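# Notes for the structure review
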Amino acid sequence: MCHCLLLTSLVIRPRQISVLFNVIRMMASNQSNSVEEDIKDKRPQFGNRFLTDPEQVFQHNAWDNVDWDEEQIQQAKEKVKANSSDFISQETQETYEREAGKNWDKFYSQHQNRFFKDRRWLFTEFPELAPTTDDSKELASTELSNEEKMNEKPVNDTGMCDKVTDDINVETNEQDNVESDILKEENQEGDDPFPGWRSNTRILEVGCGVGNTVFPILQTNIDDKLFIYCCDFSEVAVDLVKAHTDYNVNRCHAFVCDVTDTETPFPFPENSLDIIIMIFVLSAIKPERMQLTIDRLARHLKPGGRIVLRDYGRYDLAQLRFKKGRCLSENFYVRGDGTRVYFFTQDDLRELFTKAGLVEEQNLTDKRLQVNRGRQLTMYRVWIQCKYRKPDIS
């Protein structure tokens, strides 16, 4: 009865309904803001969370720049020695090489776009990918405010902060003229000889998967002069990228490509790219083909252009978990689904990129301790992050 009277009262007083709704909305907003501010105050940002007291290891889900003691390093070496004592036969290795594309198609057919999360952390790890226009900067700032990931400069093995590079979109007039001359010489067929011809900034992502890097960039960088190429070995993955609601042929071109096959041309000429992104992709390539792959990619960079990379490091948890009988060659393994993975050292990557004529700007090891507080488990991850630049034309 009381509810009926209240409802009748509200129905016959529309002004009171409006006032009541406004009060409720203000209370909810204030409560939400208060909760958000409280979380911000209490939760340390990623990149600033260091484990100083081992007794507090389960206080958070992850710890940054965790040092390994000699005992832990030795244990890791012993595990790798044990799981790589016998290599898979050459015949079987050739089968994995031949069916690499098929295995990645199976992977993406099974997982679709549910396996990886969008990599919005890229903008803090690689400022070169961050927007340059004011509108895009404001949008990117909003997107990144929830990430809270590594706001400090990354620290290398010597304890020194790596140099934060300048925005690579700022080029000299001389470089612009050189680029224009090169492209005109190589392309004489029409006004638009290749996708993205009219763009000022061109990015290629190698091994794009289902677009977890491409679409965060397109969503936060609304500069209409930005164009992104993205390729993958898997036709299924590329089809998923093209089916995404944010895929726009005026800003993006997705294509199937085996980057190790030098006979297959890219849809753009050499000396035309500002940035090449390689996120956990070089490790999937057979070690004997890595150098020719980097050489080829380097030729397609503009003078001053960069390759940015993040990949698996030596003794990462994933390497230590492999059982005996899964090793193809030293530090190169095959997973149960037939996909392959290599685990790098900093020197491995330094040699690959400098042999391709690129200049090192960053090469660091990121040692992260991840924690499962529910199961009281600790997981040590090791990744390597690099930036290499193509020298300017003198």
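Residues numbered from 1 in each chain as written. Predicted model: local features only at pLDDT ≥ 70, side-chain atom pairs only at ≥ 80, totals over all residues. Heavy atoms only, no water.

## Observations regarding the sheet that holds strand β9 (residues 340–342)
- Taken in spatial order, the 3 strands of this open sheet run β7-β8-β9, and their pairing is antiparallel. At either end of the open sheet lies a strand with only one pairing partner, and these are β7 (327–329) and β9. Within the sheet, the average angular offset between the axes of one strand and its neighbour, ignoring direction, is 30°. (Pairing = 2+ DSSP bridges. Helix = DSSP H or I, 4+ residues; strand = E, 2+ residues; numbered from the N terminus. Axes fitted to C-alpha atoms, helices over the stretch in contact; angles between N-to-C directions.)

## Looking at the packing of helix α5 (residues 100–111) against helix α10 (residues 235–243)
- Here α5 crosses α10 at 40°, and the two axes come no closer than 7 Å. By the criterion of interaxial angle, the relationship of α5 to α10 is oblique. Taking contact as the criterion, the partners of D105, Y108 and S109 in α5 are, on α10, E235, V236, A237 and L240. (Parallel < 35°, antiparallel > 145°, perpendicular 65-115°, else oblique. Contact = heavy atoms within 4.5 Å.)

## Details of the packing of aromatic side chains
- Applying the stated criterion across every chain yields a total of 13 aromatic pairs.
- When the centroid spacing of 5.1 Å and the interplanar angle of 15° are considered together, the rings of F266 and F268 count as stacked.
- Classification of F266 by relative accessible area gives buried; the value is 10%.
- Look at F268 and you get buried, because its relative accessible area is 4%. (Phe/Tyr/Trp six-rings, centres within 6.5 Å; stacked < 30°, edge-to-face > 60°. Buried < 20%, exposed > 50% of the residue type's maximum accessible area, 1.4 Å probe, protein only.)

## So, unusual backbone geometry
- The phi torsion at Y315 lies on the positive side, around 75°, for a residue other than glycine.
- You can see Y315 is positioned in the loop between β6 (301–312) and α12 (317–320).
- Phi at N331 is positive, roughly 65°, even though this residue is not glycine.
- Within the element layout of this structure, N331 appears in the loop between β7 and β8 (332–334).
- Judged by its relative accessible area of 11%, N331 is buried.

## Let's talk about α5
- A rise of 1.5 Å per residue sets the reference length of α5, with its 12 residues, at 16 Å; its end C-alpha atoms lie 17 Å apart and thus fit the reference within 8%.
- Among the residues of α5, those classed as buried are A100, G101, N103, W104, F107 and Y108. All buried residues of α5 fall inside an arc of 165° around its axis, so they share one side. Away from its buried face, by an angle of more than 90 degrees, α5 presents the exposed residues K106 and Q110.
- Close packing links the buried residues of α5 with α4 (90–98), β3 (226–232), α10 and β9. (Expected span 1.5 Å × (residues − 1). Arc of directions from axis to C-beta.)

## Overview of the pattern of salt bridges
- Enumeration over the complete set of coordinates arrives at 14 salt bridges.
- Put simply, E97 and R340 hold a salt bridge, and the shortest N to O gap is 2.7 Å. With E97 in helix α4 and R340 in strand β9, the pair connects residues that are 243 residues apart, well separated along the chain.
- For E97, a relative accessible area of 28% translates into the label partly exposed.
- On the basis of relative accessible area, R340 is assigned to the buried category, the value being 9%.
- Note that R299 and E270 form a salt bridge whose closest N and O atoms lie 3.5 Å from each other. Taken as a pair, R299 in helix α11 (residues 290–299) and E270 in the loop between β4 (252–256) and β5 (273–279) lie far apart in primary sequence, 29 residues in all.
- Classification of E270 as partly exposed rests on a relative accessible area of 31%.
- Within this structure, R306, E361 and R389 form a network of salt bridges that share partners. (Salt bridge = Lys/Arg side-chain N within 4 Å of Asp/Glu carboxyl O.)

## Some points on the environment of V206
- Secondary-structure assignment places V206 in strand β2 (residues 201–206).
- For V206 and I279, which are 73 residues apart along the polypeptide, the C-alpha to C-alpha distance reads 7.9 Å.
- Discounting chain neighbours no more than four positions away, the residues touching V206 are C231, V259, I276, I277, M278, V281 and L297.

## Regarding the nonpolar core
- With 39 residues, the main nonpolar core has L204, V206, I276, M278, L282 and L349 as its most contacted residues.
- Broken down by element, this core gets its largest block of residues, 4 residues, from α11.
- Contact partners of M278, with chain neighbours within four places excluded, come to V206, I294, L297, I307, V308, L309 and R310.
- I203, C208, I228 and V308 belong to the second largest nonpolar core, which has 23 residues in total. (Core = buried A, V, L, I, M, F, W, Y, C linked by side-chain atoms within 4.5 Å.)

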